[in-house]
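# A structural walkthrough
Listed below, chain by chain, are the residues.
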Amino acid sequence: MSLTGSPFLYTLVVLCVVAVALPLVLWSRVRGPRVVRAAARVLMVLFAQGTAVALVFTLVNNSNQLYDNWGDLLGTSDHVHQAADLGASGTGGIALEKLPRVRQAFKPGKGPGMRAEGGVLTTELKGRVSGVQAEVNVWLPPQYHEPAYRNHRFPVVEVLPGYPGSSKAWYGTMDAPQQLAPLMRRGQIEPFIIVSPRTTLLPGRDTGCANIPGKVNADSWLSIDVPKMVMDNFRAKAAPDGWAVAGYSAGAHCAAKLAVAHPDRYRAAVSLSGYNDPVAVPQSLAGKSPALRAANNPYVLLKDARVAPRVALYLSGQPNDGYEAAMALKRVAKSPTTVRVVFIPTSAGGHTMALWKPQVVPAFRWLTEVLGSEHRVRTAPGTTPLAPSTAGSRHAELASGNVSPAGAAQRP
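I will try to describe carefully the structure that is included in this document. (Residues numbered from 1 in each chain as written. Predicted model: local features only at pLDDT ≥ 70, side-chain atom pairs only at ≥ 80, totals over all residues. Heavy atoms only, no water.)

Broken down by element type, the protein carries 13 helices and 11 strands. Scaling as 2.2 N^0.38, a compact globule of 412 residues should have a C-alpha radius of gyration of about 22 Å, and the protein matches this with 23 Å. With the C-alpha coordinates aligned to their principal axes, the bounding extent of the protein is approximately 80 × 50 × 50 Å. As displayed, the protein has an accessible area near 18300 Å², and 59% of this comes from carbon and sulfur atoms. Taken as two groups, the 42 positive and 25 negative side-chain charges of the protein have centres that lie 5 Å from each other. (Helix = DSSP H or I, 4+ residues; strand = E, 2+ residues; numbered from the N terminus. Rg over C-alpha atoms; globule rule 2.2 N^0.38 Å. Areas by Shrake-Rupley, 256 points an atom, 1.4 Å probe, with all protein chains shown as cover. Lys, Arg positive; Asp, Glu negative; His and termini not counted. Charge placed at Lys NZ, Arg CZ, Asp CG, Glu CD.)

The next thing to look at is the environment of Pro142. Of note, Pro142 is situated in the loop between β3 (133–139) and β4 (156–160). Once the C-alpha coordinates of Pro142 and Phe192 are considered, the two residues, 50 residues apart in sequence, prove to be 9.3 Å apart. With residues up to four places along the chain from it excluded, the contact list for Pro142 reads Ala181, Met184 and Arg185. (Contact = heavy atoms within 4.5 Å.)

Below, the discussion takes up helix α4 (residues 176–185). With 7 of 10 residues buried, α4 is to be regarded as a mostly interior element. Elements in contact with the buried residues of α4: β3, β5 (193–197) and α11 (360–371). At the exit of α4 stands Gly187, carrying a positive phi of roughly 75 degrees. (Buried < 20%, exposed > 50% of the residue type's maximum accessible area, 1.4 Å probe, protein only.)

The side chains of a regular strand alternate between both faces of the sheet. Bridging between strand β1 (residues 107–108) and strand β2 (residues 120–126) involves 2 bridges; their strand directions are antiparallel. Bridging from a neighbouring strand, Lys107 pairs with Thr122 of β2. Strand direction decides the pairing type here: β2 and β3, joined by 7 bridges, are antiparallel. Each residue of the ladder has a partner; that of Glu124, found in β3, is Glu135. Between the antiparallel neighbours β2 and β3 lie 6 residues, among them Gly131 with a positive phi of about 80 degrees. (Pairing = 2+ DSSP bridges.)

On to helix α2 (residues 34–64), then. Here α2 contains 31 residues, and its C-alpha end-to-end distance of 45 Å stays within 8% of the 45 Å for a straight helix at 1.5 Å per residue. Turning to α2, its buried residues are Met44, Thr51, Leu55, Thr58, Asn61 and Asn62. Buried-residue contacts for α2 involve α1 (6–26). (Expected span 1.5 Å × (residues − 1).)

Backbone torsion omega between Tyr163 and Pro164 reads -10 degrees, so that peptide bond is classified as cis. Take Pro164: it is sitting in the loop between β4 and α4. For the bond from Ala239 to Pro240, the omega torsion is 0 degrees, close enough to zero to count as cis. Structurally, Pro240 is set in the loop between α5 (218–233) and β8 (243–248).

As structure tokens, then:
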């Protein structure tokens, strides 16, 4: 029975009802010695507490899409088949342009949000470079199958969840397709392909999106294997000019790090409530040594870069939750690196999906400015050219739109 499926949820609801009914019916009817009666009543109480905790956990998990399956929850899911030393480039000396095309079979995705706005396609990818084998989800914009766009190549945003987090979270809890598709149809946001690969690759550990010989090559999985598969199977723009990476929480850290470390693979990054030092997450493998921490800290990478990377960063955060890290990156960034810092007030909520979900639209509006097509005025029938819009803005969205980098620097 699937951890996130309706049958498991309904079973827990029934068990909770039974757990409440049992003491009402049997509490005074238990027969036998005092020890037996006491044990039976304790078991009924424990059964009620256990089912209640399981139901609450399942509701929270389904709402936030933290654990995708039993393997993720129990720490038995391992998606790393090998982790060779791939060197500083993450390629292991492989000439990527000479690799054969990746041909994948896709099927409709299952789960919350996976059928909305045309549906999400999912596939099991075996990374030729990274040694990782895991699912990759792909959502195509409304224009993708329209005749007017048959020769058009679309920009791509690779979206990453936090830790723990499901590769489906951006489609389900974050409702990215539902929020963005209407704006794409109206020409207010660039029609992006949205790609979400699995990031939980090892049992009970956060990879920190790092390459660690003998452990995992998460960086190469995300920045080499996944993009190559997408470009080989869809009308996607080539890297780096057509590619961005976005994430929240641990995924935000990864997004900033991947873009800063690989300006030849990404042109932009969106970081929502991110951090710089991977040691911020105790389970992060990237925080286990000074060398790994430095190699996977976007602040250190920017500060020590001999040549400033040509990337654009959109960083949002609250006091003590991403804002200070964002301002640190802004202070060390040098042209052609650009950094936009968005201050989110504490009144908008805490470190939860409810804080990040309203930021999807403003972040993609910014991505439209950075990666927008030079042909975006050539829209399909029934659409209008891309133009700035604030219609339907929500609280966090308005905050994002009103805070300039200069204004952010003046915030406490």
